[in-house]
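Understanding the architecture of this molecule
What follows is each chain in one-letter form.
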Amino acid sequence: MLLLLGSETAVADTATGLVYMKQGQYIRALIEFEEPAKAGDPVAEANLGAIYHYGLGISANFAKAAQYYHPAALRGNLDAQLGLGVLYTTGQGVPPNFAIARMWLSIAAEAMPPSPDRIRVTETRDALATKMSAAELKQSDDLIAAWYARHTAP
């Protein structure tokens, strides 16, 4: 069944892709996620980013991971925001940029419920800040402020 905007189809394909991900059938998941990702489904985009980032069933491709993570992160997908934070920290698939990495890690940490995962992300972000110059910290703070000026705070 094909719908006008494809939103219900996209959700169905994404749900199937998530089932395949849980089963470790990454190539089948990748195939299921492709159409919903093209339609702008942030869950499909983030999962495609993860498949390429971690080389799940395929060779890792950090540039493709960033390509899928970015739009999902802009739509508020937590996993994509964390993925971009890692990629910008390591300079894999994107130019290394601690200011941008810290921005994504900060936004993600703020959106996470209190948990050990949130503590780890916060500690990673804070450790990254110790490696940054004052100018980089200001740039990162400005990026975070700009994000919250345009997006609803979590």
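**With respect to the side chain of R125**
Along the polypeptide, R125 turns up in helix α7 (residues 116–129). R125 gets classed as buried once you look at its relative accessible area, which sits at 18%. Among residues more than four places away in sequence, those in contact with R125 are R102, L105, S106 and A109.

**With respect to the layout of surface pockets**
A water-sized probe rolled over the atoms picks out the places where empty space is left. Empty space within the largest pocket amounts to approximately 170 Å³. In this structure, the largest pocket is lined by M21, A46, N47, A50, Y54, Y69, D79, L82, G83 and V86. Elements with a minimum of two residues in the lining of the largest pocket: α3 (42–54) and α5 (78–90). By residue class, the composition of the lining of the largest pocket is 7 nonpolar, 2 polar and 1 charged.

**Some points on the pattern of salt bridges**
Scanning the model with the defined rule gives 6 salt bridges in all. Between R102 and D141 there is a salt bridge, and its shortest N-O distance comes to 2.9 Å. Of the two residues, R102 is situated in helix α6 (residues 98–111) and D141 in helix α8 (residues 134–150); the sequence distance between them amounts to 39 residues. Given the relative accessible area of 14%, R102 is considered buried. Residue class for D141 comes out partly exposed when judged on its relative accessible area of 39%.

What counts, and at which threshold
- Residues numbered from 1 in each chain as written.
- Predicted model: local features only at pLDDT ≥ 70, side-chain atom pairs only at ≥ 80, totals over all residues.
- Heavy atoms only, no water.
- Helix = DSSP H or I, 4+ residues; strand = E, 2+ residues; numbered from the N terminus.
- Buried < 20%, exposed > 50% of the residue type's maximum accessible area, 1.4 Å probe, protein only.
- Contact = heavy atoms within 4.5 Å.
- 1 Å grid on protein atoms, 1.4 Å probe; cavity = no way out; pocket = protein on both sides within 12 Å on 5 of 7 lines; lining within 4 Å.
- Points joined across faces, edges and corners; volume = space filled by probe spheres on them.
- Nonpolar A, V, L, I, M, F, W, Y, C, P; charged D, E, K, R; others polar.
- Salt bridge = Lys/Arg side-chain N within 4 Å of Asp/Glu carboxyl O.

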